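Residues per chain, in single letters:
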Amino acid sequence: MDVFRTADAAAFDVLGTIAQVRRGPAHLASVRVVVRDGVERLGEFQQVIGRARHVLARNADWIFRRGDEVIVDGRTQAVEAIVGDDGLVNEAALYG
């Protein structure tokens, strides 16, 4: 077995939480995500202009798109932007 996939699965099991992700009116899925609160948003001159919540999911479980609604701990937020995708894990910034 690939050691990186095994380590990735272990990290998500330890650090992750189950979130509900809604895509459109009919599709609702339970996905294990890692939540990163307080991620800095940088402005034009690299000054901090705000902070955001980011969520990470394994690509095998879910690939985020703009407009997806993520429900974590009873709080619903829409995906504002896709921050990154390395082929194994994708990361999205949530609105609000």
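In short, a report on the structure.

### So, the sheet that holds strand S4 (residues 69–72)
Strand order in this closed barrel of six strands is S1-S2-S3-S6-S5-S4, and the pairing throughout is antiparallel. Neighbouring strand axes in the sheet, compared pairwise and without regard to direction, differ in orientation by 50° on average. Of the strand pairs in this sheet, strand S1 (residues 17–23) and S4 are connected by three bridges, and their pairing is antiparallel. When the sheet's bridge partners are listed, Arg 22 is paired in S4 with Glu 69.

### Points about unusual backbone geometry
Unlike most non-glycine residues, Gln 46 shows phi in positive territory, near 65°. On the secondary structure map, Gln 46 appears in the loop between strand S2 (27–42) and strand S3 (48–58). We classify Gln 46 as exposed; its relative accessible area is 56%. Of note in this structure, Asp 73 is not a glycine but carries a positive phi near 55°.

### Concerning the pattern of salt bridges
Using the criterion set out here, one finds eight salt bridges in the structure. Residue Asp 37 pairs with Arg 53 through a salt bridge whose shortest N-O separation is 2.6 Å. With a gap of 16 residues between them, Asp 37 in strand S2 and Arg 53 in strand S3 connect regions that are remote in the sequence. Look at Asp 37 and you get exposed, because its relative accessible area is 52%. On the basis of relative accessible area, Arg 53 is assigned to the buried category, the value being 14%. Glu 40 is the partner of Arg 51 in a salt bridge, and the nearest nitrogen-oxygen pair spans 3.4 Å. Here Glu 40 lies in strand S2 and Arg 51 lies in strand S3, a separation of eleven residues in the sequence. In this structure Glu 40 comes out as partly exposed when scored by relative accessible area, which is 45%.

### Observations regarding the pairing of strand S5 (residues 75–85)
Pairing analysis gives four bridges linking S4 to S5, with the strands arranged antiparallel. Bridge pairing links Ile 71 to Thr 76 in S5. Where S5 and strand S6 (residues 89–94) come together, five bridges link them in antiparallel fashion. Paired with Gly 84 across the strands is Glu 91, a residue of S6. Here S5 folds back onto S6 in antiparallel fashion, the turn holding three residues, of which Gly 87 has a positive phi close to 100°.

Basis of the calculations
Residues numbered from 1 in each chain as written. Predicted model: local features only at pLDDT ≥ 70, side-chain atom pairs only at ≥ 80, totals over all residues. Heavy atoms only, no water. Pairing = 2+ DSSP bridges. Helix = DSSP H or I, 4+ residues; strand = E, 2+ residues; numbered from the N terminus. Axes fitted to C-alpha atoms, helices over the stretch in contact; angles between N-to-C directions. Buried < 20%, exposed > 50% of the residue type's maximum accessible area, 1.4 Å probe, protein only. Salt bridge = Lys/Arg side-chain N within 4 Å of Asp/Glu carboxyl O.

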